[in-house]
Amino acid sequence: MKSYRSWTTGETIVMEGEPLPFVGSVVSGCATLTRSMEDGRTQMVGLLMPSDFVGRPGRTTAAYEVVAATDLVLCQFRRDAFEEMMAETPNVSQRLLEMSLDELDAARDWMLVLGRKTAREKVATLLANVLRRAPTDQRPLRAELPLTRDAMATYLGLTIETVSRQISALRKAEIIRLEGNRTVLCDDYGALLTEAGDDDDGDGLY
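Bear in mind that the values here come from a model prediction, so they are computed numbers and not experimental data. (Residues numbered from 1 in each chain as written. Predicted model: local features only at pLDDT ≥ 70, side-chain atom pairs only at ≥ 80, totals over all residues. Heavy atoms only, no water.)

Asks: So, the pattern of salt bridges: which residues are in play, and what are the values?
Replies: One pass over the structure, following the stated rule, counts six salt bridges. In this structure, Glu-83 and Arg-79 form a salt bridge, with 3.7 Å as the shortest nitrogen-oxygen distance. Placement of both Glu-83 and Arg-79 in helix H1 (residues 79-88) is noted, with a separation of four residues, approximately one turn of the helix. Arg-177 serves as the salt-bridge partner of Asp-187, at 3.1 Å between the closest nitrogen and oxygen. In this pair, Asp-187 is assigned in the loop between strand E11 (183-186) and helix H6 (189-195) and Arg-177 in strand E10 (residues 177-179), connecting sequence segments ten residues apart. (Salt bridge = Lys/Arg side-chain N within 4 Å of Asp/Glu carboxyl O. Helix = DSSP H or I, 4+ residues; strand = E, 2+ residues; numbered from the N terminus.)

Given below as structure tokens:
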């Protein structure tokens, strides 16, 4: 019923509209969720990080194109066996419902990010979301950015130049620090949340 599978950076896990014979949970790494329009335009609509769920019971095709943004390991379950387990184990169904509601909240928050936040707030929100998953017992918080700046721009609805400017501005303001191109460090997470337009208790951060 359960198996582990790995993908390397850039590999497609499943295409939008294709049969999806499994559901699963991200063990390590990050994947992007993308939707396509009839004229060929695409929009990155979400990220899958460790512990996030892929697929939905009862849905036999993929609603999004899922691509490994980094090397990724997925713990996957055969759909038919998983759905049988859900029917026999109410706790599993309850947990999936909670995860679906969390995903709905995240989608609503992201509508605010894309529609109302400034470029600086958008970039700060994405960085805060990545750092939120870093171990809380370490200071400064440290995380590897799962996306290139070009992919960040696509995700945020910005240009790559704007993303680079805003990251540089946050660094100059000493809100974040960078090691290399992909490692971000933060000594004051509350200050980063303020730059993201969120309360320092994390409310509003998806």
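Picking up after the structure, the text goes on.
Asks: Tell me about the sheet that holds strand E3 (residues 22-28), and please be specific about residues and values.
Replies: With antiparallel pairing, four strands are arranged side by side in an open sheet as E1-E8-E3-E6. Looking along the sheet, the strands with just one partner apiece sit at the ends: strand E1 (2-7) and strand E6 (53-54). Relative to the sheet, H1 contacts E3, E6 and strand E8 (72-78), its axis offset from that of E8 by approximately 65 degrees. (Pairing = 2+ DSSP bridges. Contact = heavy atoms within 4.5 Å. Axes fitted to C-alpha atoms, helices over the stretch in contact; angles between N-to-C directions.)

Asks: Residue-level account of the packing of aromatic side chains, with values.
Replies: In the structure shown here, the tally under the stated rule is two aromatic pairs. Residues Phe-77 and Phe-82 carry aromatic rings whose centres are separated by 5.4 Å and whose planes lie at 45 degrees to one another, so their mutual orientation is tilted. Like Phe-77, the residue Phe-82 is buried in the burial classification. Through pairs of rings, three or more aromatic residues link up here, namely Phe-53, Phe-77 and Phe-82. (Phe/Tyr/Trp six-rings, centres within 6.5 Å; stacked < 30°, edge-to-face > 60°. Buried < 20%, exposed > 50% of the residue type's maximum accessible area, 1.4 Å probe, protein only.)

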